[in-house]
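Fold and contact review
Each chain is listed here by its residues.
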Amino acid sequence: MFFPRPIAQEKDDAIDPLILPVMHSHLLGDRRRAEAFQSAIARTVRPGDVVVDVGSGTGILALFACQAGAARVYAIERQRSLVPVIERLARANGYADRLVVRTGEACDVELPERADVLVSELIGQFGVDEGAVHILADAAARFLRPGGRLVPATLDVFVTPVESSAVRDAAEPWTAGVLGLDLSAARPWFASALHAGLVSREELLGQPRTMLSVTLGASPVPPRTWIAEAEVDLERDGTLNALAGWFSLGMAPGLVFSTAPGEPATHWYQALLPLAEPLTVRSGDRLRFTIAAMLDPAAPVWSWRGHVERGGRSCGGFEHSTLEAVAVPPSSATPDPTWRIEAAREITTAIDGRTTIAALADHLAAKFAGRYPSRERALSEVAAILEALA
Ligand SMILES: C[S@@+](CC[C@H](N)C(=O)[O-])C[C@H]1O[C@@H](n2cnc3c(N)ncnc32)[C@H](O)[C@@H]1O
């Protein structure tokens, strides 16, 4: 089954409230997810604890904390339209006297007391793509008492090359055309998005590689840009048409939740980075690949490239980026190359691991007034320069 939506990339602005009931139906309908969180919260929260739920959504994790005996639960949610939903559900379940809702970005919220436990589910298909690492580093430092506990506590992200039936099916219109029209010219565009779909174990072409392992809530906060390089020896003949990614969460001591291929399906399925041109591969080939992610909430950028080696020689490769899907006004599609050099110099001076892509774009737009006709153009310039630097 293919789930043809790009990986959620929530922005600082509110999501359209009309989409929220659909989105939360997917989340709440995922029984594996609910059981894992309820069980981890029951093992972690002790009667009388103060709990903070960061990114509360409908409040489900806050309600699990109440079930586990929490004395008070602070539910922090940036979507204002969810506040009455959380409050209604707290009342209906008899927990209204223990649940306090705070609305706003977690980093702007202040709490009157420190919590014993921080619960959250800010996890996208690729694990890192909903901002958990950065949001929780700040939240744990400000909301948790020393020695406080997190659910989940760790995040590991894995990637491996696959022959994906979900990607093959989704690529069909771009490959075979539609009603006599050849759509193949837009295949790179199709392959410029992060997709999600079910990957079976049989579709793996080699062993998974760990791309990232983090302790959530820990300091120092890793940079928002990460680049992971790996090589995989292919274990069977096939057609390489995607890199598949998934995650595992350390929920509580002895309790791990994994979205790996072969595990029972969840609403996350697996993340898929497609190839516009699938590669025919053989057992014994070696794939070397790089995934770069710039996890700026205002303008996330993902790039993936690689090549297959056979007998020590390259026999095909791929290079894709979500920038391919970023619309650039035609009037400014080809900036003067000298601008780019000046802009790159500005950006390399400003990068400090904390400045966001959005802030870098604002800096460029202010420094070179008039060069960038829109903020989007400045953002894509920054992203292109960072990618080139990477
Ligand atoms: C994947 S949903 C999970 C909702 C709920 N905890 C659950 O498990 O069903 C993530 C929620 O976190 C909220 N969120 C994301 N980033 C946030 C932030 N920085 N501050 C506050 N809320 C945030 C989103 O609006 C969304 O409702």
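Scroll up to find the structure this text is about.
Heads up: these notes are all about the structure in this document. Everything numeric here is computed off the predicted structure, so don't read it as measured data.

Looking now at unusual backbone geometry. Residue Pro152 is reached from Val151 by a cis peptide bond, and omega for that bond is -5°. For Leu179, which is not glycine, the phi torsion reads 45° and is therefore positive. Of note, Leu179 is situated in the loop between helix 6 (165-176) and helix 7 (187-190). Positioned with a positive phi, Tyr269 is a non-glycine residue whose angle comes to about 50°. Inspection of the secondary structure assignment puts Tyr269 in the loop between strand 12 (255-258) and strand 13 (270-281). Classification of Tyr269 as buried rests on a count of 21 C-beta atoms within 10 Å.

We now examine the nonpolar core. Judged by nonpolar contacts, the single largest core of 111 residues is most densely connected at Ile41, Val51, Ala65, Leu118 and Val382. Sort the elements by how many residues they give to this core and strand 11 (residues 238-252) lands first, with nine residues. Excluding its chain neighbours within four sequence positions, the residues that come into contact with Val51 are Val45, Ala65, Ala70, Val73, Ala115, Asp116, Val117 and Val119.

Among the 18 residues in the neighbourhood of the ligand, the closest are listed as Gly55, Gly57, Arg78, Ala106 and Glu121. Where the shell around the ligand is concerned, the elements lending two or more residues are helix 3 (60-67) and strand 3 (72-77).

This part is about the sheet that holds strand 16 (residues 313-321). With antiparallel pairing, the four strands of this open sheet are ordered in space as 10-14-15-16. Bordering the open sheet on either side are strand 10 (225-233) and strand 16, each of which pairs with just one other strand. Pairwise comparison of adjacent strand axes, ignoring direction, gives a mean angle of 10° for this sheet. Direction of pairing for strand 14 (residues 286-294) relative to strand 15 (residues 301-310): antiparallel, over a ladder of nine bridges. Bridge pairing in strand 15 links Ala292 to Ser303.

Conventions adopted
- Residues numbered from 1 in each chain as written.
- Predicted model: local features only at pLDDT ≥ 70, side-chain atom pairs only at ≥ 80, totals over all residues.
- Helix = DSSP H or I, 4+ residues; strand = E, 2+ residues; numbered from the N terminus.
- Buried ≥ 20, exposed ≤ 12 C-beta atoms within 10 Å, placed from the backbone.
- Core = buried A, V, L, I, M, F, W, Y, C linked by C-beta atoms within 7 Å.
- Contact = placed C-beta atoms within 7 Å.
- Near = placed C-beta within 6 Å.
- Pairing = 2+ DSSP bridges.
- Axes fitted to C-alpha atoms, helices over the stretch in contact; angles between N-to-C directions.

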